[in-house]
Each structure stands twice: as structure tokens, then as C-alpha cells.
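Architecture and fold: a report
Here is how the chains run, residue by residue.
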Amino acid sequence: MEYVDAILTSIGLLKDMWSSISNCFNYQKILDENCTTLREKMERLKCREHDINTILNNAQYDHRKKEKKEVENWLIKVQHMKDRAQKIEQEAAKKRCFSRLRFLSQFEANIKQVDELIELGKFPDGILIDVLQDEGMTLLTTQLIGETTTKRILEEIWTCLKKGEIQSIGVWGMGGIGKTTVVTHIYNRLLENSSTFGQVYWVTVSQESSTRDLQDAIAKMLKIDFSEEGDDKKRSALLFKALQKLTKFVLIFDDMWEVHEPEQVGIPVGVDGGKLIITTRSKNICSRMCCKEIKVESLCTEEAWELFNKTLGRYSALNREEEEIAKDIVKECAGLPLAIVTTAKSMRGVYDICEWRNALNELRGRTQGLTIDMENDVFKILEFSYDRLNDEKLRECLLYCALFPEDYLIRRVSLIKYWIAEGIVGEMETRQAEFDKGHAILNKLENVCLLERCRNGKCVKMHDVIRDMAINISKRNSRFMVKTTRNLNDLPSEIQWLENLERVSLMDNQLSSLKSVPNCPKLSTLLLKSRDGLYEGLPNAFFGHMPSLKVLDLSYTSIYFIPDSISNLVNLRALFLRRCEKLNHVPSLAKLKELRELDLSESGMTELPDGIEQLALLKCLALQGLSIKDMSLNRALPNLLHLQCLRLDAMGFPIVGIEKPLIGLRKLEILSINLYSLHTFNSYMRTTQFQRLTHYYVEICGGVWPPGNSPGREVDNYQLWDGDPRFRDSLGKEIALFRCELNQGREDNDECQLMLPTNIQLLEIAECSLPTCLVDVSPSLKIARDLKVCSISDCKGVEYLWCMEDCVASLNNLYLDGLPDLNVLFKLRPINTVSCSSLKHLEVGSCGNLKHLFTQELVNHHLQTLQTIYVNDCNQMEDIIVATEIEEEGEEIDEMNNLLLYFPNLKRLQLRNLPELKSIWKGTMTHDSLQELEVWECPKLRRLPLSVHITDGDGERRASTSPLKKIKGEFYWGERVEWDTHPHAQFVFQPLPIDISLRRTRLETFVRRNVFMDVFEEVF
């Protein structure tokens, strides 16, 4: 009986096995069919994707349209689907039949998703929506002087613009006459009348600008990328098509030197409302470009006297004798605004009548024999201001600026470095003192209008007429050779290496190489910096006959190696090789005993040049961004005892053991470095050498303290930081922490806590594990009296920043992004009644656990200095401001309406992608200073809490004008928003323009984070 049972059991097992084998072959057949079905459907999906991308590519030239958000999301899903389909087919092909059974469900799910994407991709309502263009930025202008001259010209230009038959306007006149000033006023007026004239674009043209340069400038403003398009005719056609779709536009070319036919550039002038304005010194250019000619005349006697008096800025009136002399001085300036301004500023602070008479005699001596050709004669007038500098160093500094290309924004710090190396600014005890001297010189040149201040004081620029004057002076005795921003490969004869040359600039040229070997024994400065230039290199003997050379700049070139003859430059004091990305060899520098500044940053070097340890006088060494693997730096640093500035940040490999050499650098003032141990940082931070630093940036990356391990333990598995590089030139006192475990310090053990310096100005924390309260990262945060900027991103663990009693009182800028555990910004206790915050700018993004930002009490007592608030991508955010931390359920809005919130300094509020946001504030909020409100993708936000001020007038109570200048948001949101319940509210708010964005971005985070660098000084 047992035998029969065994046989029956075996037969049953065979049947089950055969069923499995049979099913396996059926599955294989089904799997093959599914593979075929998936491929066919994917082909249909790819075809639809191709069609949509074609439409979008064509629409990029029509700035009245943009792709819908649903289309953008659909394209992303299609790409993910393509990746999944490819992966599942590859996986299925690798598996044996018994392991393929689980793939059937995956195939079926993917086929279903492809069907859904094909259906969604039909977009019956279209894939594009209408948009409004962002307005151009208003340009800074000077007040127009002269009712009868300048303003008459302004109105003449404006009248021509309004006439439909005039398509091109040429504003011409001599250099310094005020053409750009007048047209700048026209530009700003056009912006105010954009509904009539459309988009307005400003292009600054230089003497060396080509048609392609103009095309690139216009394309950049239109956000068109045709950098890979080499055919000029095709480029013109693309521009023509893009501008033509605008229907109405005005294009301004400032300072034209050559004829550039609109058709060749790609400008549809006269077609559907396109207009062109040019400024030029040449009437002939206006005629050849078929422009309506408008000449800018010199100021009349009364207007010139008004401008002189206004610029002189005397609090007390000139006496009769001074006034007579001053009027004669103005007469010598021949009504030229630039000459009048520079002359007046040179006379500021002059009260002695003898000095006034002497100035007039000097000016008359220069203007004797003036010809009808005022273009050259104006140099003689301007030279009067140059000579009145009364300091040879000031004059040399001004002439040095002429080495840079026309309209070039010259970084003050770079210029001062050159001056120090040249010896124009003498050596001092500290680098700070030398730079202070350099800034003082630049301020003097700005104050007499020989230089213009730009970029918030970070840069200077020379007016092109003053630059021409400086070059004219420098060419005497053949001292300077300036050939910038030109293609000298086609004109090699223009490069003449004369023996008397002292300074040479070939900046921003498309030079593949320099073939000749110069013989210039007096040459002290050689500027060859140019993007992608010198890719064929220099002759090996190129530097053989330049014994006096002090400054050599080859930055940004594509040079592969530095010629061996560089060793002959025994008087060289500054060598700049920044961003020479292809550079792989620098000869021994051992003979360059006078070298003070060496910049190899972001170059292609993988090892230090030989001989660095012998550069005993070296004061600045910049190596940031290099991937140096050996330990030669540690061996070199102990010999560089005069180092004042050391840049070692963004290095490709950790520098182990660097702390000991750093301690020996007793003159160090500026340091930027990556450290890979928290303990190393704590130890170095306590040294007197660190305390002496005037500027520092220390990045601590990957330091980890597991429980029970020594705090001095180095990281075993070093991981290179793959975030955004921090290549920049502004620096304060900054600490950055990346991928550190900062939540395991122990209060009873100082060695297990991060010790931040109390003079820290910027704290950046990214991808770290944090304690519940941010202040617990370091006890010194509570006494950080200089902290201005704090940025925390992609960190876990932190639930709140601090209690207001521990408030960082000096903080101006706070950036929070990617903090999933953050549930409240600040905690407020009953004892906190006095404001302890100077916070001005707040940005909060991707904090999914935040339901509100502030309480009413927090705003009214602690955040009165806030100027800008940006909130984005917080999925649970329901309110921006609440009455209390926990509001009563069902609390009526009518009761809340009586609560008034006062934000006295708030200028801009931006809300993006807050799907649960229901209110900004349930009560009423004053907005005396609020200028701009942006709301994007906040579908549940229906009410704005902005109060309406009531004023008495004509016996009636009516709403006053709102300080708001603009409300930005989706069109549908603007239509459904509920304004204040006051009956006159619609008259206050509805006239405001509701602008529409081109594309939703992530708060332009990195753009704004560059803005806060303005609080720091440029030192590199």
C-alpha cells in the first residue's frame, strides 16, 4: 500500500512539473508578444514626443508663447518611460525562462502607462499659452541740463519714434557731447510706454564690434542660443524670425563705429513696427544706414554755466572775481558736457584766487590753436583734468586703465594687484594696507570723473573718450601698445614690438599664437589674457629679452605649456595663469626670486611647478580648483613665510596634514581652504594665526564623529564634494559644512562640539545631519555678533532654528531649503518682548513639514526689519502668518479681520508652488512699503489681506493709492482673487498689472545667493 502511495505521489509531482514547464513556454510566448507590443507603442509615443519638441523649438523664437506646465511634466514622464522601457527589455533578455514570470506584470503595467501617455499627449487645447514679457530694467541716468538744447533733442527723437514712417534714427555728435545720456532717457521713456512701442533692447557697441558680436548680443537678450551656428546668413535669418514675431520692438545700438546693415545683422527694421536707434560720432554712418539724422549740439553758454556750477557743488557762491574766471574756464570747454564735468570736478575744493587764475592759464595754453576738428581737440581739454591730478602715481594709475578693452568692466581688485606688482602702489606691511591705498586712488579718479563706478563699486570703467585720451598720451615715446578685442591673426603687422615699449595689452584677441620673439628691455606689463587664445602656444624663447617684466597675465588662454624662457624673468613679481584649463606644464620657478603673486587657480595643472618652495618673497598663492595629489604643498609652505593670501578651496583631493604648515604662516591675512576633519578645524580655529585672519573661507567636508569614536578620527572614505563649486572673488569670514554629522556632540565634552569662530559672518550648512535646534550645532552661535548670512540646505534632523532669546541678532539673510523635519522657524517664549532680530531677507523652500512661517507676535515684535520673503515648494504650508502657534479649529475669519499686522519694511513677497496655502494672514496687513507681490501655483489662495487706507476728500471717504507697483501671477489666479472687502478696494488694486512669467523656476536661488555676496569685500 505504501508503494502504491509513493507511485501516485511521484505521478502527481510529474504532472505539476510538466504544468510548470508548459506554463513556462506559454509565458515565454506572452513575454515575446508583450515585448513587441511595448516596442510598437513606444514608437508611437516617441513620434508624438518628436512632434511636440518640434513645435516647442519653433516657439522659442516667439516670446509671446511658452509651453504649458502640463507639457513640461509630460515630456519628463516620457523620458522616464523611455528609460524604464529600455531597462525592462534589457533585464528580460538576460533572465532564464523560470525567472521571467515576474516580468509579465511589469510589462503589462508599462504598456498601460504608455497608452496613458499617448492619450495625454494629444493636448486638445494646445501645448502653448500666451505670456507677457518681463520689462527691461530701467537704466540709471543723470539729470538733463539745458531746456533749449538737450531737452529739445530728446523731444525731437521722441517725435520721430512716434511717426510710423521713420524706422531708423541716428543720433550723432562728437565724443563726450551727451549722446548716450539723451538716448538713456529715451530708453527709460520707452519702457514706460511698452504698450505702444513693444520690447526695448539696448546693445553697447565697441570700436572693434563685428556683425557677429551684435548678433550674439541681441540673441542673448532674446534668449536664443545659436552659438553652434557658423553660417552668418542662417544666424541673420534666425534673428530676423525671432524679432519679426515680436511685432513691435525698439533696438538701440549705442556708440556705432562702423556701418552694420540691419538686414545683415538680422533686424527687421520697418517690418510690423520694428525701429532702430543708433548713436555714433559719425554723420556718415547715419547716412549710410538710412537713418533720420539728429545731431547733438554743444551746450549754449547758459547751459554750460549751469552744468559747471551744478558739478562744482560749492555750498557758498563764487565771489565776483572767481565767477569771472570760472566763466572763462567754461568758455574754454566749448560747450562739451564731458569736458565741463571733468574740469569742474578738478576745481572742487579750490578757494585761492591764484589757483583759479593759474587753472585758467593752463587751460588756455592747452586750447590755443584749436581746430575745427573738435574730436581731437577735446583731448587737450580733458588733459587739463589729467594734469591737475598733481600726483604722478595717480596719472600712471589712470593710464594703466587704458590697457583694458573699450567699455570693459575692470575689477578694482585685479587692477590694484597689477598696480602693486608694478610698484605704482608701494609695498606695505599688510595686504590690507596695500589694497586700501589702491582703493583710495580709484576713489580719487572716480571723484574727478576720469573713471566711472560700476557693479556696486566692485568695478570701474573708462569713458571711451577718456580712454582715447589716455591711449593718446601713452603712445608718446611709444610707451604703450594696446591692441584689444580684435582678430590680430588677420593683421599680424599691427603687432610691433618696439624697444621703448613699457606696457603691452593684447587682451581678448583671437590670437592662436605669437610667432616673433620680442626684444623689449623696458617692458614691465604684458597682458595676454584671452578666452581660448594662444592654443598654438608661444615660442620657447618668447620671454628671453624682457628682463624688466613685472606683470605677466596669461589667464583664460588655451596655452598648453609655459615657455622655458620664463625662467629669465628674474624681476617678475606677478604671474597670472588663472583658468588656463589646458595648461599642464610650468617650468621651474626657482629663479623668480622677486615673485609676489602666483595664480594657478582652476588651471589644468595636476602637480605644483618645481621651485615654489624657493619663492621666499611670495605673498599670494592661489591654487583653488586644482587636483594636486602629491604632498609637495606641505613641503613648500613652511618656506613661504611672507604669505599673506592663500587659496586652497575646491581642491580635487584632500590635503592631509595641512594644519601644521598653516600655523607657521604668521603673516597670513586671507585663507580659503577645504578641511576634512572637524577636530582639525577646531584645533586650528583656536590658534592665534587663525584669529589674525581678516578674511577666511573654511569648508569642512565629510567630517564624521560616530558615537564612541575619537573626535580626531579622520574620514576613512573621502568623498569629493560634488555640489556647486564656490569659485568667487568676494570673501568675508565664512564657514561651510558639507556632509557632516553635527547631531552627536555632547554638552559635557567640548572636544565633541563644533567650535565656530565668534566673528563668523557667513555660515553655510549642506547635506548634514543636524540636532533638533540649529543653535546646538555650536555653542558659539549664540554669541556670533557678526553673522550676516546663514544658508541651510538638504539637511535632516533640525526641527527649529532657535528660540528668540537665543536669536542671532546680527543676521540679515536667511536661506532655508530642503529641510524635511523643520516644523517651525523660531520658538517664542512669553518672556520675549523686545526685538532682537535685524533679519531683512528670508527664503524658505522645500520644507515639507512647515505649516506656517510666523505668528502675529513674532512679526510685530521681532521681524519688523524684514524686506523680502520668498517661499516655495512647501507642500503642507497652509498659512504664512498665524495668530498663534495653534489656532482654534473653526475660528471665524470675521473675528480675525480685526487683527492688524504691521510689516513696515516689507518690499517684496513671493509665493510659489504652495498647493495647500489658504491664507497669507487671516486678518488685515498694512502694506505701506510693499512694492511687488508674486503668487504662482497656489490654487487655494483666494484672498489678499492687504489693507485699504481711507482718506477724506471732497466730503467723501475713498481708498488711497496703493504703494504696490506690480502683482505677478498666473492669469487665472488674477481673475479669481478676492480683494479687500472695502467697496473701494477694486479701484486701488485692479489697475495693477498682473504679469505672467515665462517659466516657473526654483526661486532663482543661486542668483539671489550671489546678491548677498555684496555684503563682503572682493579680495581675490
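Residues numbered from 1 in each chain as written. Predicted model: local features only at pLDDT ≥ 70, side-chain atom pairs only at ≥ 80, totals over all residues. Heavy atoms only, no water.

Turning to the overall build of the chain, a few remarks are in order. Summing up its helical and strand segments, the chain has 28 helices and 40 strands in all. Taken across its 1020 residues, the chain has 52% of its residues classed as buried. Long-range contacts, defined here as pairs at least 24 residues apart, represent 69% of the contacts in the chain between residues at least 6 apart. For the chain, the accessible surface area stands at approximately 46,900 Å², while carbon and sulfur atoms represent 49% of it. (Helix = DSSP H or I, 4+ residues; strand = E, 2+ residues; numbered from the N terminus. Buried < 20%, exposed > 50% of the residue type's maximum accessible area, 1.4 Å probe, protein only. Contact = heavy atoms within 4.5 Å. Areas by Shrake-Rupley, 256 points an atom, 1.4 Å probe, with all protein chains shown as cover.)

Considering the arrangement of structural elements, one finds Lys 733 in strand 22 (residues 733-738). Buried and without a salt bridge, Lys 733 has Asp 786 as its closest oppositely charged side chain, separated by 6.6 Å. If sequence neighbours within four positions are ignored, Lys 733 has contacts with Leu 693, Thr 694, Tyr 696, Asn 759, Ile 760, Gln 761 and Leu 762. (Lys, Arg positive; Asp, Glu negative; His and termini not counted. Salt bridge = Lys/Arg side-chain N within 4 Å of Asp/Glu carboxyl O.)

Looking now at the environment of Phe 107. As for its placement among the helices and strands, Phe 107 is situated in helix 3 (residues 103-120). On the accessibility criterion, Phe 107 (0% relative accessible area) is buried.

With respect to the helices, strands and loops of the structure, Phe 197 is situated in helix 6 (residues 194-197). In this structure, the C-alpha to C-alpha distance between Phe 197 and Lys 275, residues 78 residues apart in sequence, is 8.8 Å.

Moving on to the packing of helix 11 (residues 301-312) against helix 12 (residues 320-332). Interhelical geometry of helix 11 versus helix 12 gives an angle of 115 degrees and a closest axis separation of 10 Å. On the basis of the axis angle, helix 11 is roughly perpendicular to helix 12. Where helix 11 crosses over helix 12, the handedness of that crossing is right-handed. Across from Ala 304, Trp 305 and Phe 308 in helix 11, the residues of helix 12 making contact are Glu 323, Ala 326, Lys 327, Ile 329 and Val 330. A per-class count over the contact of helix 11 with helix 12 returns six nonpolar, no polar and two charged. (Axes fitted to C-alpha atoms, helices over the stretch in contact; angles between N-to-C directions. Parallel < 35°, antiparallel > 145°, perpendicular 65-115°, else oblique. Left-handed = near helix turned anticlockwise from the far one by under 90°. Nonpolar A, V, L, I, M, F, W, Y, C, P; charged D, E, K, R; others polar.)

In this section: the pairing of strand 6 (residues 274-280). Most of strand 6 is tucked away: seven of the seven residues are buried. Of the two faces of strand 6, the one lined by Gly 274, Leu 276, Ile 278 and Thr 280 and the one lined by Lys 275, Ile 277 and Thr 279 are each fully buried.

So, on to the pairing of strand 19 (residues 670-675). Where a strand is regular, its side chains alternate between the two sheet faces. Of all the six residues making up strand 19, six are buried; the element is thus mostly covered by neighbouring parts of the structure. Side chains Ile 670, Ser 672 and Asn 674 project from strand 19 onto one buried face, and the interleaved Leu 671, Ile 673 and Leu 675 project onto a second face that is buried too. In the sheet, strand 18 (residues 645-648) pairs with strand 19 via four bridges, with the strands oriented parallel. Looking across to strand 19, one finds that Leu 646 is bridged to Leu 671. Here six bridges tie strand 19 to strand 20 (residues 695-701), and the two strands are oriented parallel to one another. Residue pairing in the sheet places Leu 675 in a bridge with Ile 700 of strand 20. (Pairing = 2+ DSSP bridges.)

Here the focus is the packing of aromatic side chains. Per the stated rule, a full pass over the model turns up 13 aromatic pairs. Ring geometry for Trp 158 versus Phe 197: centroids 5.2 Å apart, planes at 55 degrees, classification tilted. Of this pair, Trp 158 sits in helix 4 (residues 150-162) while Phe 197 sits in helix 6, and the two are 39 residues apart along the sequence. Note on Trp 158: relative accessible area 9%, which makes it buried. The buried category is assigned to Phe 197, whose relative accessible area is 8%. On the numbers, 6.0 Å between centres and 10 degrees between planes, the contact of Trp 305 with Phe 308 is stacked. On the criterion of helical spacing, the pair formed by Trp 305 and Phe 308 is a turn pair, its members being three residues apart in helix 11. Residue classification places Trp 305 among the buried residues on the basis of a relative accessible area of 17%. (Phe/Tyr/Trp six-rings, centres within 6.5 Å; stacked < 30°, edge-to-face > 60°.)

Further remarks concern the packing of helix 16 (residues 392-401) against helix 17 (residues 412-422). The relative placement of two packed helices comes down to the angle between their axes together with the axis-to-axis distance. Contact geometry of helix 16 with helix 17 gives a least axis separation of 11 Å together with a crossing angle of 125 degrees. When the axis of helix 16 is compared with that of helix 17, the two are oblique. As for the relative orientation of helix 16 and helix 17, their crossing is right-handed in sense. Contacts between helix 16 and helix 17 involve Cys 397, Tyr 400 and Cys 401 on the former and, on the latter, Leu 415, Tyr 418, Trp 419 and Glu 422. Along the lines of polarity and charge, the residues of the contact of helix 16 with helix 17 split into six nonpolar, no polar and one charged.

A general tendency of soluble globular proteins is for nonpolar side chains to be buried together. Counting residues in hydrophobic clusters, the biggest one holds 143 residues, and the most contacted among them are Trp 497, Leu 526, Leu 853 and Phe 854. Core analysis: the second largest hydrophobic core is formed by 94 residues, Leu 161, Tyr 187, Ile 340 and Leu 389 among them. (Core = buried A, V, L, I, M, F, W, Y, C linked by side-chain atoms within 4.5 Å.)

Another point: helix 18 (residues 431-447). Three- or four-residue spacings in an α-helix give side chains the same orientation, since the helix completes a turn every 3.6 residues. The terminal C-alpha atoms of helix 18 lie 24 Å apart, and with 17 residues this matches the ideal 24 Å at 1.5 Å per residue to within 8%. Burial in helix 18 covers these residues: Arg 431, Glu 434, Phe 435, Gly 438, His 439, Ile 441, Leu 442, Leu 445 and Glu 446. All buried residues of helix 18 project into a common sector of 155 degrees when viewed along the axis, lining one side. In the segment just after helix 18, Cys 449 is the residue with positive phi, at about 65 degrees. (Expected span 1.5 Å × (residues − 1). Arc of directions from axis to C-beta.)

In terms of burial, helix 17 is a largely internal element, 11 of the 11 residues being buried. Those residues of helix 17 lying buried are Arg 412, Val 413, Ser 414, Leu 415, Ile 416, Lys 417, Tyr 418, Trp 419, Ile 420, Ala 421 and Glu 422.

Here we take up the sheet that holds strand 8 (residues 410-411). Overall, antiparallel pairing links the three strands, which are arranged 8-10-9 in an open sheet. Where the open sheet ends on each side, the last strands, each with one partner, are strand 8 and strand 9 (452-454). For strand 8 and strand 10 (residues 459-461), the ladder comprises two bridges, and the chain directions are antiparallel. For Arg 411, the partnering residue across the bridge sits in strand 10 and is Cys 459.

Spatial ordering of the open sheet is given by 4-5-6-3-7, a layout of five strands whose pairing is parallel. Because the sheet does not close on itself, it has two edges, and the strands there are strand 4 (199-204) and strand 7 (292-295). The sheet shows a mean angle of 15 degrees between the axes of neighbouring strands, taken without regard to direction. Sheet strands touched by helix 5 (residues 179-192): strand 3 (168-172), strand 4, strand 5 (249-256) and strand 6. Its angle to strand 4, the strand with the most contacts, is close to 155 degrees.

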